[in-house]
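Each chain is listed here by its residues.
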Amino acid sequence: MPMNETPVSPATLAEPASPAVTSLADAQGIDFHMHSTASDGALSPAALMSLCHERGINRLSLTDHDTLDGVAEAQEAADALGMTLLPGLELSSQWQGMNIHVVGLLPQGARGSLVAGLEAQAKARVTRGEEIARRMEKLGLSDALAKARAQAGSDRPLGRPDFARAMVADGLVKDMGTAFKKYLGSGKRGDVKAGWPYLSEVVEWINDAGGVAVLAHPLRYGLTRRKRGLLLDAFTAAGGEACELVSGFQNADVTRDLARQLDERGLYGSLGSDFHFPGGPVAPGSMSPVPRTSLRPVWQHPRLAALFAEAA
Ligand code: AMP
Ligand code: MN
Ligand code: MN
Ligand code: MN
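Being a predicted model, the structure only gives us computed values, none of them experimental.

Draft legend 1. Up close: the layout of surface pockets. There is about 1,200 Å³ of room inside the largest pocket. As for the largest pocket, its lining consists of 45 residues, of which Phe 180, His 217, Arg 220, Asp 274 and His 276 are closest to the centre. Those elements that place two or more of their residues in the lining of the largest pocket are strand S3 (84-95), strand S4 (98-105), helix H4 (113-138), helix H6 (160-169) and helix H7 (176-184). In terms of residue count, the dominant contributor to the lining of the largest pocket is H6 (4 residues). Per-class residue counts for the lining of the largest pocket are 16 nonpolar, 18 polar and 11 charged. Residues lining the lining of the largest pocket come from more than one domain, with at least three contributed by each of domain 1 (10-111 + 199-308) and domain 2 (121-184). Reported here for the second largest pocket is a volume of approximately 220 Å³. Taken together, 14 residues form the lining of the second largest pocket, with Ala 27, Gln 28, Gly 29, Gly 285 and Met 287 sitting closest to its centre. Taken together, the residues of the lining of the second largest pocket sort by class into 9 nonpolar, 4 polar and 1 charged.

Draft legend 2. Highlighting the pairing of strand S2 (residues 59-65). With 7 of 7 residues buried, S2 lies mostly within the body of the structure. Of the two faces of S2, the one holding Arg 59, Ser 61, Thr 63 and His 65 and the one holding Leu 60, Leu 62 and Asp 64 are both buried throughout. As paired strands, strand S1 (residues 30-31) and S2 are joined by 2 bridges and run parallel to one another. Looking across to S2, one finds that Asp 31 is bridged to Leu 60. In this sheet, S3 lies alongside S2 in parallel orientation, the contact comprising 7 bridges.

Rules used in this analysis
- Residues numbered from 1 in each chain as written.
- Chains lettered and ligands numbered in written order.
- Predicted model: local features only at pLDDT ≥ 70, side-chain atom pairs only at ≥ 80, totals over all residues.
- Heavy atoms only, no water.
- 1 Å grid on protein atoms, 1.4 Å probe; cavity = no way out; pocket = protein on both sides within 12 Å on 5 of 7 lines; lining within 4 Å.
- Points joined across faces, edges and corners; volume = space filled by probe spheres on them.
- Helix = DSSP H or I, 4+ residues; strand = E, 2+ residues; numbered from the N terminus.
- Nonpolar A, V, L, I, M, F, W, Y, C, P; charged D, E, K, R; others polar.
- Domains from an automatic or database assignment.
- Buried < 20%, exposed > 50% of the residue type's maximum accessible area, 1.4 Å probe, protein only.
- Pairing = 2+ DSSP bridges.

Spatial relationships are all this shows, so hold off on functional conclusions.
This is how it looks when you write it as structure tokens:
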């Protein structure tokens, strides 16, 4: 090459002007799992969007438990702040006697069988709240329903955290962790799950709405690797196409192992903080590092790609 020609480095040639995030490991400013006051989160949807903006998150999903009620407010705030918000939710379901959560990423909102599904979830939560209240009263929490309602601070559907807070407020347990460990956690008296639809049903609702079903926090069900594989098989057989590879903070070796399990089944990978309230260890966008894997990021799913291409 003559000395007067400027060499063009291979790196410059390889990179487009505005590179789209093509690998999970390169994900920055992305969080596809968060809660607001529409379910058991502490911040209003608008306040949550402001916090996300402050923290540099610009591609996100609000995923409240069993409801899209917070999405309209979040969408307005996200639009004003120039962030790309994907409507979403986190559906409660049951599989083999366990309470399994499925995030629905819903670019078209609620449509098809999901509409009736959401009505059924709201009713199931009311009936379940009454049952949890009866059980907590037997365990010493008088007027349990009213106290849980007071903790919720609005007329949104109740969840186990509302009962946990009521138990702490009444001095029955020292903190929320203890309330779950003794009374409300998996397999305890307050873990009422009979009313939830089967895992396969909620996956069908999400697909019917033109969304992508994402198995939420697969490492938080206390499963062995083998049983987790069976859950992933059931989820995949039902039509589920994605799974959270990273949810908040988790062990790096376990993450790598989980990536193999997802890869074997051709699942897309998602990630999220599962943020609920400020002041704890988890903030929007905070999660363990994402290892370099061959998993396709969920935002490249054909049903979502158009939304995120614009934001790239
Ligand atoms: P529910 O939606 O009523 O089944 O309640 C489940 C919610 O309880 C989860 O989404 C968490 O926000 C919360 N939760 C579960 N386990 C614990 C725990 N050990 N300590 C505090 N909160 C918890
Ligand atoms: Mn929650
Ligand atoms: Mn969950
Ligand atoms: Mn969640």
